[in-house]
Amino acid sequence: MPARIMDGTSVAASLLAETAQRVKDFVARTGRTPLLATALVGDDPASHTYVRMKSARCARVGIASRRVALPAETTTDDLVARIAELSADPAVDGILLQHPVPAHIDERAAFEAIAPDKDVDGVTMHSFAAMAFGEPGFHSCTPGGILRLLDAYDVPLTGRRAVVIGRSPILGKPVGMLLLARDATVTYCHSKTTDLAATVAEADIVIAAVGRPELVRGAWLKPGAVVVDAGYNPGNIGDVEYAAAEHRASLITPVPGGVGPMTIAVLLAQTVQAAETRG
Ligand code: NAP
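Residues numbered from 1 in each chain as written. Predicted model: local features only at pLDDT ≥ 70, side-chain atom pairs only at ≥ 80, totals over all residues. Heavy atoms only, no water.

Going by the annotation in an unreviewed UniProt entry, the name recorded for the chain is Bifunctional protein FolD, with Actinokineospora fastidiosa given as the source organism. Regarding the chain, the relevant UniProt record gives this comment under Function (unreviewed entry): "Catalyzes the oxidation of 5,10-methylenetetrahydrofolate to 5,10-methenyltetrahydrofolate and then the hydrolysis of 5,10-methenyltetrahydrofolate to 10-formyltetrahydrofolate." Recorded under Sequence similarities (unreviewed entry), the UniProt text for the chain is reproduced unchanged: "Belongs to the tetrahydrofolate dehydrogenase/cyclohydrolase family." (UniProt positions renumbered as here; feature names shortened; annotations may be inferred.)

**A word on the pairing of strand β3 (residues 64–70)**
Where strand β2 (residues 35–41) and β3 come together, 7 bridges link them in parallel fashion. From the neighbouring strand, Ala-37 faces β3, where its bridge partner is Arg-66. Taken together, β2, helix α2 (residues 45–61) and β3 constitute a β-α-β crossover, and its handedness is right-handed. (Pairing = 2+ DSSP bridges. Helix = DSSP H or I, 4+ residues; strand = E, 2+ residues; numbered from the N terminus. Right-handed = clockwise from strand over helix to strand, strands pointing away.)

**Topic: the pattern of salt bridges**
Overall, the coordinates contain 11 salt bridges when judged by the stated rule. The residue Arg-278 makes a salt bridge to Asp-93 at a minimum N-O spacing of 2.6 Å. Of this pair, Arg-278 sits in helix α10 (residues 259–278) while Asp-93 sits in the loop between α3 (76–88) and β4 (94–97), placing them 185 residues apart in sequence. Among the residues examined, Asp-93 registers a relative accessible area of 0% and is labelled buried. Of the charged contacts, one joins Arg-108 and Glu-112 as a salt bridge, the two residues approaching to 2.6 Å between their closest N and O atoms. (Salt bridge = Lys/Arg side-chain N within 4 Å of Asp/Glu carboxyl O. Buried < 20%, exposed > 50% of the residue type's maximum accessible area, 1.4 Å probe, protein only.)

**Topic: the sheet that holds β4**
Note: strands within a sheet are paired through backbone hydrogen bonds, in either parallel or antiparallel orientation. With parallel pairing, the 3 strands of this open sheet are ordered in space as β3-β2-β4. Two strands in the sheet have a free side with no partner beyond their single neighbour: β3 and β4. The sheet shows a mean angle of 20° between the axes of neighbouring strands, direction not considered. Note that β2 and β4 share 4 bridges and pair parallel. Its bridge partner lying in β4, Ala-39 is registered against Leu-97. (Axes fitted to C-alpha atoms, helices over the stretch in contact; angles between N-to-C directions.)

Written out as structure tokens, the structure is:
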């Protein structure tokens, strides 16, 4: 029997509707509109498209957005100064630095200029530590979206064996931390892992976060595994061999329409949360 699909578009739509209501309540209560500031360096067309999409989504739930577009030759110091200004600006509730930034910029330094209470994209070391320690704080948006999707489908996590493939600071590492905080037994795999197929075969829950088309073969999966494919490769191809995986998994995310829509929905939910906390 083919796996049940975890429909990220529909779960994200519920979260967006809930966020729109929270925005309305916030505006009625305070007389001000939550504001997300987006900083973008350079003229990469894909990054500009992402930022436009995010502004359009903000507008749909009633969040205002401010775009700060900086030239490609911006230095780390300039970028840090601009982000520090946004951090200090009382009108700004959330800050998103569109990444990757150009290679000459120290991305970590730029992220760390985001005030922790405005880090709605969950990229700072402060937010990572909160995720790792199980303390309140903002989640990295894609990991936060993955957890919400698993919860929406009532996937039990306690005591289950989760294998995370990928260990990037914004995706692989934090999603493992969030699963650990929910009492899953977590194994990380990465490019130096020697026994990927055998490790995946033991997983009750597989999170693919690599960026390699169909790296995870359907035949590797334990029958009944829950499969979350965060990968997005050209041609709408995920990191999991979907055609084979859907016949072994019990639940699986499609690409597109799985993890992707959850990411932006979490960003907006965290922006209104930041506004509510700041008052
Ligand atoms: P990344 O920074 O390039 O990290 C990729 C990770 O995969 C690294 O940890 C790398 O290991 C590991 N890896 C590479 N080749 C591998 C292999 N053959 N076997 C096992 N692990 C391997 O990428 P990312 O930013 O985390 O993104 C990963 C994917 O998720 C991409 O397709 C991206 O487009 C997608 N993504 C989607 C969303 C969304 O909203 N849906 C958001 C963010 C990212 P090393 O650490 O050893 O190099």
